[in-house]
Amino acid sequence: MSEAERLNAVGAPGGTGKAVEDYAELALFINGRFIGSGEGRKSQEVVNPATGETIGRLPHATVADLDEAVRAASAAFADWRRVPAVERGQILRRAAELARERAPSIARGITLDQGKPLAEALGEVNACSEHAVWHAEECKRIYGRLVPARQAGVRQLVEREPIGVVAAFTPWNFPFNQAIRKIAAALGAGCTIVIKGAEETPSALVALARLFQDAGLPDGCLNVVWGVPAEVSEHLIRADAVRKISFTGSVAVGKQLAALSGSLMKRATLELGGHSPAIVCADADIDAAATLLAAQKFRNAGQVCISPSRIYVERAAHDRFMDTFLDRVRGIRVGDGLAPDTTMGPLTHARRVRQMTELVEDAVNRQARVECGGEVLDRPGYFFAPTVVTNIPDSAYLMTLEPFGPIASVTTFTATEEVLTRANSLAYGLAAMGFTSSPKTSQALSQGLQAGMVSINHWGFGAAETPFGGIRDSGWGSEGGIESFDGYLNTKLVSETY
Ligand code: NAD
């Protein structure tokens with residue numbers, strides 16, 4: 001059955017929301033039913049950031065839709081929480097298999113609405129399907145424990161129970177990755193979920209809804225809604241049945257959602273922004289460090305929360321580092337992510353381009369030097385040139401505000417103590433990197449960097465079996481690793497006589 005036939009078969013009233021031939025049919029997904037635009041629902045355009053052209057229309061949920069999604073998730077929870085972990089795992093594993101089978105079309109959708117090169121989009125789908133596989137296995141190990149009692153004839157059990165309905169909100173930079181992490185954690189724990197993705201990049205989440213349905217997930221366990229972010233999140237967080245929220249996005253919005261959920265005593269997992277320091281010592285393999293940092297800094301056009309956005313190079317190695325780093329950056333081929341030779345696509349929306357311009361202007365006003373790039377590219381779409389800035393003071397906005405775009409700031413340091421103080425000077429605490437050949441310096445960096453994740457001499461973030469998350473303003477809780485389920489489970493003591 002074709003996508004169009006399928007959507008019509010499941011009842012998408014009022015059109016398919018599809019404006020270009022090979023882009024996804026956009027829909028809400030509530031209680032097992034795909035719902036397109038129509039029936040008086042508002043909708044919004046979805047734009048290809050590489051061309052500025054409209055590629056689809058995304059239906060917004062009405063208040064009644066949101067209530068129906070929560071009601072469906074709540075009803076489904078009564079049964080899903082009792083489905084044995086082995087069976088929950090089978091559905092998660094089947095979903096991962098389907099994601100890999102459908103990776104080419106899901107990836108094409110991501111490139112069309114998010115902009116990243118097709119190879120990166122394909123990598124996102126294939127690598128991040130692993131999160132479903134890992135949670136499928138790990139959910140079998142949600143153990144309780146037996147605590148020795150103080151009296152004979154008493155048994156004390158500590159049990160872990162799914163928390164209930166989860167409301168989740170995911171951003172536009174990794175639309176498949178962020179969503180599958182939250183869905184796999186919630187469903188693996190025995191929770192049900194209502195999730196709102198980013199309206200700019202909806203195709204991957206609609207594809208996820210389809211493949212979880214095809215994997216045999218019962219109706220109501222996963223519901224997908226769209227709308228005005230602040231309105232949808234407030235309505236869902238206030239809903240009685242919603243017991244937990246999970247949000248990935250900016251610090252400012254995360255704090256608002258944390259305040260609201262805290263006022264209602266609802267648990268929250270928050271994966272917020274970062275401004276990751278990368279410290280390159282003179283004794284490191286400088287070529288390798290420069291090559292790795294250039295690749296990671298400009299991946300996804302710099303729209304990555306763990307992007308190495310403040311690069312501190314020991315003064316003695318600065319020139320050697322810059323030779324290789326600039327060579328790698330100048331080799332980046334900017335273009336439409338669908339073109340086979342493109343290695344960096346556009347930014348996902350126009351407001352990020354405006355912010356890049358402001359950040360460079362501020363740096364130049366403070367005597368920073370633009371080594372390459374620094375300007376908006378004169379072509380349709382939201383393109384900003386890969387940019388490297390040096391001689392930049394720590395007070396520049398580029399060094400204090402998360403840039404979230406294709407600008408690398410490189411500065412120098414002379415002593416480890418000094419650079420640690422500078423690296424730790426911001427309120428963010430997501431990821432940090434170090435490069436050195438000295439075990440002693442390596443230890444000083446890994447112990448001294450205040451971050452939820454530290455990687456030395458390589459890129460060590462994001463595997464399904466390791467925790468991903470920040471401290472301080474960068475958030476609460478972990479996604480991935482055995483910590484992943486903590487946010488989705490209540491602890492219950494049962495003390496009984498026998
Ligand atoms: P933004 O703060 O407007 O939005 C960030 C994300 O949150 C978007 O996906 C948006 O749809 C969603 N959002 C906004 N208000 C919301 C609300 N009240 N309730 C629920 N969701 C809401 O910022 P932006 O311009 O889209 O992105 C810029 C900043 O966002 C970046 O500087 C970066 O710090 C942050 N960001 C972080 C991540 C991450 O992976 N941690 C991802 C995307 C964006």
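Reading the values: the criteria
- Residues numbered from 1 in each chain as written.
- Predicted model: local features only at pLDDT ≥ 70, side-chain atom pairs only at ≥ 80, totals over all residues.
- Heavy atoms only, no water.
- UniProt positions renumbered as here; feature names shortened; annotations may be inferred.
- Helix = DSSP H or I, 4+ residues; strand = E, 2+ residues; numbered from the N terminus.
- Rg over C-alpha atoms; globule rule 2.2 N^0.38 Å.
- Buried < 20%, exposed > 50% of the residue type's maximum accessible area, 1.4 Å probe, protein only.
- Contact = heavy atoms within 4.5 Å.
- Areas by Shrake-Rupley, 256 points an atom, 1.4 Å probe, with all protein chains shown as cover.
- Lys, Arg positive; Asp, Glu negative; His and termini not counted.
- Charge placed at Lys NZ, Arg CZ, Asp CG, Glu CD.
- Near = heavy atom within 4 Å.
- Polar contact = N/O pair within 3.5 Å; in protein donor to acceptor, adjacent residues only side chain to side chain.
- 1 Å grid on protein atoms, 1.4 Å probe; cavity = no way out; pocket = protein on both sides within 12 Å on 5 of 7 lines; lining within 4 Å.
- Sits in = over half its atoms within 2 Å of the grid points.
- Nonpolar A, V, L, I, M, F, W, Y, C, P; charged D, E, K, R; others polar.
- Pairing = 2+ DSSP bridges.
- Right-handed = clockwise from strand over helix to strand, strands pointing away.
- Points joined across faces, edges and corners; volume = space filled by probe spheres on them.
- Axes fitted to C-alpha atoms, helices over the stretch in contact; angles between N-to-C directions.

- Under an unreviewed UniProt entry, the name given to the protein chain is Alpha-ketoglutaric semialdehyde dehydrogenase, and the organism recorded is Oceanibacterium hippocampi.
- In the Sequence similarities (unreviewed entry) part of its UniProt record, the protein chain is described as follows: "Belongs to the aldehyde dehydrogenase family."

## Examining the overall build of the protein chain
- The secondary structure content of the protein chain amounts to 15 helices and 20 strands.
- Radius of gyration (C-alpha) of the protein chain: 23 Å, near the 23 Å computed for a compact globule of 498 residues.
- Taken along the three principal axes of its C-alpha coordinates, the protein chain extends 70 × 65 × 40 Å.
- Across the 498 residues that make up the protein chain, the buried fraction comes to 56%.
- Contacts in the protein chain between residues at least 24 apart in sequence constitute 71% of all its contacts with a sequence separation of at least 6.
- Within the structure as shown, the protein chain displays about 19,500 Å² of accessible surface, and the carbon and sulfur contribution to it stands at 51%.
- For the protein chain, the centre of its 50 positive side-chain charges and the centre of its 56 negative side-chain charges are spaced 5 Å apart.

## So, the site of the ligand
- By nearness alone, 23 residues border the ligand, and Trp172, Ser233, Ser250, Arg351 and Glu402 come closest of all.
- Here a nitrogen atom of the ligand sits 2.7 Å away from a polar atom, N or O, in the side chain of Ser233.
- Contact distances for the ligand include 2.6 Å between an oxygen atom and a side-chain N or O atom of Ser250.
- A total of 790 Å² of accessible area belongs to the ligand in isolation, and the protein chains cover 87% of it.
- Taking a 2 Å distance to the grid points as the criterion, the majority of the atoms of the ligand fall inside the largest pocket.
- Contributing elements (two or more residues each) for the shell around the ligand: helix 8 (229–238), strand 10 (242–248), helix 9 (251–263) and helix 12 (350–365).
- Examining the composition of the shell around the ligand, we find that three residues originate from one element, helix 8, more than from any other.
- Tallied by class, the residues present in the shell around the ligand amount to 11 nonpolar, eight polar and four charged.

## What to know about the pairing of strand 9 (residues 222–225)
- Going residue by residue along strand 9, you find Leu222 and Val224 tucked away on one face and Asn223 and Val225 tucked away on the opposite face as well.
- Pairing of strand 8 (residues 192–196) with strand 9 involves four bridges; the strand directions are parallel. From the neighbouring strand, Ile195 faces strand 9, where its bridge partner is Val224.
- The parallel pair strand 8 and strand 9, bridged by helix 7 (residues 203–214), forms a crossover whose chirality is right-handed.

## Side note on empty space enclosed by the protein
- Throughout the structure, instances matching the rule amount to four cavities of 30 Å³ or more.
- Roughly 90 Å³ of internal volume is contained in the largest cavity.
- Taken together, 17 residues line the largest cavity, and the ones lying closest to its centre are Pro277, Arg310, Ala423, Tyr428 and Gln450.
- Only strand 12 (276–280) and strand 17 (431–435) provide two or more residues apiece to the lining of the largest cavity.
- Residues that form the lining of the largest cavity fall into these classes: nine nonpolar, six polar and two charged.

## Details of the sheet that holds strand 6 (residues 154–162)
- Pairing in this open sheet of three strands is antiparallel, and the strands run 5-6-20 from one edge to the other. Of all strands in the sheet, those with a lone pairing partner are strand 5 (145–147) and strand 20 (489–497), marking the two edges. Shown here is a sheet whose adjacent strand axes are inclined to one another by a mean of 25°, direction ignored.
- Of the strand pairs in this sheet, strand 5 and strand 6 are connected by three bridges, and their pairing is antiparallel. Among the inter-strand pairings, Leu146 is bridged to a residue of strand 6, identified as Leu157.

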